[in-house]
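# Architecture and fold: a report
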Amino acid sequence: RNILGFTGYYKGKRISVMGSGMGMPSIGIYSYELFSFYGVDEIVRIGSAGSYDANFNVYDTVLVNEAYSESSYAKIAFNMRGHVQKSTKSLNNKLTKIAEKLNIELKPARIHSSDVFYGEDKDLWKRMHDDNGCKAVEMESFALFSNAKVLGKHAACIVTISDSFVSPEETTPEQREQSFTDMMKIALDAAIA
């Protein structure tokens, strides 16, 4: 499927990381296979997100505790009802402790996990914020959390705010590549803990 994975060393310990593609269908496949066929018990997704809230600024690091979505992913795959999937509390606690140890502020939040990147409804973000309590938007967590729940595994998501719907703030591709390191440090330290 042409997804890239890399194995190397972090703080002297061997670790592998891989991409998840973009969107719920993609991470849905990869996380399901990792959980089901490769003995993976925990997945921590890292990525970027757009802010829906004035208190979530560019470069903030966010721990996703709930993913709200209009997606049919969980319903079609597992006949699961509802619009909210939760991350694994014990894994979130582990990530929070590591962030504290690293002196990185980690903001917990419900996020909007969307199927749509480009759309004509310019007020969707505001309704997601005001009606559903979503502080930011990304495109994968709902499927990841659904898979983990059904398969009895553990999943979490840490995102860095890359742009904002409530302010003109945004980051360049170079800034995203070189400056979104706090979430990486937290996830890597969790992987070797």
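Please refer to the structure higher up on the page.
Description of the structure in this document. Bear in mind that the values here come from a model prediction, so they are computed numbers and not experimental data.

### Here's the deal with the packing of helix 1 (residues 24-37) against helix 5 (residues 141-151)
- One can describe the packing of helix 1 onto helix 5 by two numbers: an axis separation of 8 Å at closest approach and a directional angle of 30 degrees. Considered as vectors, helix 1 and helix 5 are oriented roughly parallel to each other. Where helix 1 crosses over helix 5, the handedness of that crossing is right-handed. Across the interface between the two elements, Met24, Ile27, Gly28, Ser31, Tyr32, Phe35 and Ser36 from helix 1 touch Phe142, Ala143, Leu144, Asn147, Ala148 and Leu151 from helix 5.
- Per-class residue counts for the contact of helix 1 with helix 5 are nine nonpolar, four polar and no charged.

### Details of the side chain of serine 114
- Relative to the helices and strands, serine 114 is located in the loop between strand 6 (106-113) and helix 4 (124-132).
- In this structure the side chain of serine 114 is engaged in a polar contact, spanning 3.0 Å, whose partner is the backbone nitrogen of valine 116.

### Remarks on the nonpolar core
- Ranked by internal contacts, the top residues of the largest apolar core, which has 25 residues, are Leu144, Phe145 and Ile161.
- Contributing elements (two or more residues each) for this core: helix 1, strand 3 (42-51), strand 4 (61-68), helix 2 (73-78), strand 6, helix 5 and strand 8 (154-164).
- With five residues, helix 5 is the largest single contributor of residues to this core.
- Beyond its immediate stretch of four places on either side in the chain, leucine 144 contacts Ile27, Ser31, Phe35, Ile43, Arg45, Ala155 and Ala156.

### Quick look at a nonpolar patch on the surface
- A surface patch of nonpolar side chains, about 310 Å² in accessible area, is lined by Leu4, Phe6 and Val17.
- Relative to the elements of secondary structure, valine 17 occurs in strand 2 (residues 13-18).
- For valine 17, a relative accessible area of 43% translates into the label partly exposed.

So, how was this worked out
Residues numbered from 1 in each chain as written. Predicted model: local features only at pLDDT ≥ 70, side-chain atom pairs only at ≥ 80, totals over all residues. Heavy atoms only, no water. Axes fitted to C-alpha atoms, helices over the stretch in contact; angles between N-to-C directions. Helix = DSSP H or I, 4+ residues; strand = E, 2+ residues; numbered from the N terminus. Parallel < 35°, antiparallel > 145°, perpendicular 65-115°, else oblique. Left-handed = near helix turned anticlockwise from the far one by under 90°. Contact = heavy atoms within 4.5 Å. Nonpolar A, V, L, I, M, F, W, Y, C, P; charged D, E, K, R; others polar. Polar contact = N/O pair within 3.5 Å; in protein donor to acceptor, adjacent residues only side chain to side chain. Core = buried A, V, L, I, M, F, W, Y, C linked by side-chain atoms within 4.5 Å. Buried < 20%, exposed > 50% of the residue type's maximum accessible area, 1.4 Å probe, protein only. Patch = residues over 30% accessible without salt bridge, like charges linked within 9 Å, V, L, I, M, F, W, Y side chains within 5 Å. Areas by Shrake-Rupley, 256 points an atom, 1.4 Å probe, with all protein chains shown as cover. Salt bridge = Lys/Arg side-chain N within 4 Å of Asp/Glu carboxyl O.

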